[in-house]
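Read off the chains here:
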Amino acid sequence: MKVKARGSFAVLLLVGLGLIAGMIYVSLTNGEFDITVKDIVRTLLRINPNPDYDLVVFEFRLPRIVIAVLVGMGLGIAGAVIQGVTRNGLADPGMLGINAGAGVAIVVFLYFYQGQIREITWFSVMAMPLFGLLGGLMAALMIYLFAWKNGRLEPQRLLLTGLAIASGLSAISLFLTLRMNSQDFEMVAVWTSGSIYNANWKYIVSILPWFAVLIPIIYARSHTLNLLQLDDDSARSVGVQLEKQKGILLLSGIGLVSACVSVAGGIGFIGLIAPHIARRLVGQAHQRSLPICAVVGALLVLAADFIGKTLFSPVELPAGIIVAILGVPSFVFLLHRRKGRA
Amino acid sequence: MKFKATLPALLLALSPVAILIALVLSVIYGSKAIPFDSIRDALLNFDPDNVDHQIVRHSRLPRAAGSFLIGAFLAVSGALMQGMTRNYLASPSILGISDGSVFAITLCMIIAPNSSMLAMIIYSLLGSAFSVIVVFGLAASIFSRLSPVSLAILGTVIGTFLSSVSAAMATYFQVSQNISFWYNARLHQLDPDMIKLAIPFAVAGLLIAMLVAKSVTMLSLGEDVSTGLGVKTAAIKLATMASVVLLTGIAVALAGKIGFVGLLVPHIVRMIARVVDYRWIVPLSAAFGGLFLTLCDLGSRFLNYPFEMPVGVVTAIFGVPFFLYLIRTKGGGMRESKS
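Engineer: Can you help me understand the interface of chain A and chain B in this one?
Structural biologist: Note: interface size is frequently given as the accessible area lost on complex formation between the parts. Listed per partner, the contact involves 29 residues of chain A and 34 residues of chain B. Residue assignment for the side of chain A that touches chain B shows that the elements contributing at least two residues are helix 6 (155–178) and helix 14 (319–341) of chain A. Of the residues forming the side of chain A that touches chain B, the biggest block, 13 residues, is contributed by helix 6 of chain A. Looking at the side of chain A that touches chain B residue by residue, the class counts come to 19 nonpolar, five polar and five charged.

Encoded structure:
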């Protein structure tokens, strides 16, 4: 608990936002064909707009960038919440099977709307995050029930139960997707591998309300999150309504994850790494670490998407795979550091 | 420790009958049911012009035999790992060993696209050896006290890493279609020639498994006990690992990644036969593993009839609940090996 804030919070936040702006600039200008800064500015400010640039910027690059930023923020914050509530530094929405749960529910939804999802209607776009939430909650409940034993939640059992549930749920997803017709299958396959390849503005509109409601709820409870790091009795003695607050926080976290999964599929490890980086940068207090989590998460997803898009051009690699390649070494590194402390 | 040899002996004696029935069922049923008579004819007097005979000889038989063998290999290697590491969660897929093989095969397809089947098998073996070294090496350097769960988590994470790297490389070099052939356990495309090539390796693996079985029993009682009983721990561990690498590598080279068989079957054997002696557990695991995978494969043909379902989905249906049950009953801590 003695990790002091290293560096000023405001400066770090500014640097982070600056980096995000830089990444956005790079992703906007690079791609299948390069656009100069001048043209980007012109397109954005509507000075002598060129319809070609309009199409590329507004229909392809910008929605993708916005989704990457949102998903990164959401997963980063959700990861911090889940780690805070479970008091488990290794918890991650992806590893806990919440991603898979949300995924299954969305696949079920798509399964029953077979054929109708090709024209993306407002109803289906808005309903997907809701279904995701149901699935995420279901997975979380199952994990909780299985991992809860003798009145406590053992961190490692929690992780492993999550892994088991995740593999079971993805088997169900696979089963359902294989029963779909091939066009729907194609769409689901792209989506489940954690790609923001087919971003569009409707998706963004569908998840914005979730972010607008849930992030303030979580941020308002940063003090509670700090107190939850103490053991249950101490937290109770300073007046935290423990179970209720935990419930609200978990629910909000799962909501955020589900919204992210509904647009971006299973991107893992962001929720694991972002909180750790944030904690190292600004210390334990959630008032400061939550915004940094959001910034770091957004940066990571932006960067992963950019790498996946350009490095292997003309083929695209789902951002989820890039994140896993970068994420696993850092996970192992974290395990290593924990040993040093223990 | 009560030791009753009658029950396991009885099970082992009965298993050939069950296996034979499963194999026959596997040959009969499929997207086209083939009457028993033409199967017999296909075996005894083969007629190349008869479609049914062709199906039996070139599709159904290799598939049935292959899934039996692969199930047996995976189960034996799971049993050995569980005994050696005293870890009830150890199994080829959970510890990321299968992912190592997939990784090596990906590399092989990129570097030497036209290599022979034998080369593939050897790459697959090298790959599983590689991930064994990485997982156990990291585990030894990270954890001072290795609990079953932490080893499992490390293995899964390393496995994810290796398969992600494979996916990235496959996409980059545009061989992902060939790779997905390996990766998504497709028992229906088993190559009879490949099975023949694999047999010497498999025999070696199984032979080592039987030879070390006695010592593994002692290792499973704890290292102090086994050292006290005069087991050369290091040598036995090395031999066991060699057998695990051989069997897992072969299984992956033949049919890709199939989860849960190596985890599930040894536990079922221990429950049904009530033995702790690996001289019984190893052969029984082979029999039960083969039986289990053959039946799962049969199920996979009917889950989405007339299309096939990857057999991994079927093994997961049985595997996941059982996995949860294991975690719940055995907990996260270190346990003495009890049956």
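So much for the structure itself; the text now carries on.
Engineer: Honestly, the confidence of the model for chain B in this entry has me stumped. Any pointers?
Structural biologist: It should be kept in mind that the predicted coordinates are not to be read in detail where pLDDT is low. All names here are of chain B. In the predicted model, chain B carries a mean pLDDT of 82, and 90% of its residues have values of at least 70. For chain B, per-element mean pLDDT is lowest for helix 7 (residues 176–183), which scores 65, and highest for helix 12 (residues 278–300), which scores 91. Under a pLDDT of 50 for its full length, residues 332–339 has, in the predicted model, 17 contacts with residues more than four places off or in other chains. With a pTM of 0.79, the predicted complex shows an ipTM of 0.70.

Engineer: Would you explain the packing of helix 2 (residues 37–45) of chain A against helix 3 (residues 51–86) of chain A in this entry?
Structural biologist: How two helices pack is summed up by the angle between their axes together with the distance between the axes. All names here are of chain A. At their nearest, the axes of helix 2 and helix 3 sit 10 Å apart, and the two run at 80 degrees to each other. Regarding the angle of helix 2 to helix 3, the classification is roughly perpendicular. On the side of helix 2, the interface is formed by Asp39, Ile40 and Thr43, while helix 3 contributes Tyr53, Asp54 and Val57. Looking at side-chain class alone, the contact of helix 2 with helix 3 contains three nonpolar, one polar and two charged residues.

Engineer: I would appreciate a short explanation of the nonpolar core in the present structure.
Structural biologist: As a rule of thumb, soluble globular proteins bury nonpolar side chains together. The biggest cluster of nonpolar side chains holds 205 residues, and the ones touching the most others in it are Leu302(A), Val76(B) and Ile250(B). When near neighbours in sequence (up to four residues on either side) are disregarded, Leu302(A) contacts Ile20(A), Met23(A), Ser27(A), Ile65(A), Ala68(A), Val69(A) and Gly72(A).

Engineer: Would you mind going over unusual backbone geometry with me for this structure?
Structural biologist: Most peptide bonds take the trans form, and the phi angle of most residues other than glycine is negative. Residue and element names in this part refer to chain B. In this model, Arg86 sits at a positive phi of 50 degrees, which is unusual for a non-glycine residue. When you line up the elements, Arg86 lands in the loop between helix 3 (51–85) and helix 4 (97–111). Note on Arg86: 18 C-beta atoms within 10 Å, which makes it partly exposed. The backbone phi angle of Phe260 is positive, close to 75 degrees, even though this residue is not glycine. Along the polypeptide, Phe260 turns up in the loop between helix 10 (233–255) and helix 11 (261–273). The class of Phe260 is buried, set by 26 C-beta atoms lying within 10 Å.

Rules of the game
- Residues numbered from 1 in each chain as written.
- Chains lettered and ligands numbered in written order.
- Predicted model: local features only at pLDDT ≥ 70, side-chain atom pairs only at ≥ 80, totals over all residues.
- Contact = placed C-beta atoms within 7 Å.
- Helix = DSSP H or I, 4+ residues; strand = E, 2+ residues; numbered from the N terminus.
- Nonpolar A, V, L, I, M, F, W, Y, C, P; charged D, E, K, R; others polar.
- pLDDT = per-residue confidence, 0-100.
- Axes fitted to C-alpha atoms, helices over the stretch in contact; angles between N-to-C directions.
- Parallel < 35°, antiparallel > 145°, perpendicular 65-115°, else oblique.
- Core = buried A, V, L, I, M, F, W, Y, C linked by C-beta atoms within 7 Å.
- Buried ≥ 20, exposed ≤ 12 C-beta atoms within 10 Å, placed from the backbone.

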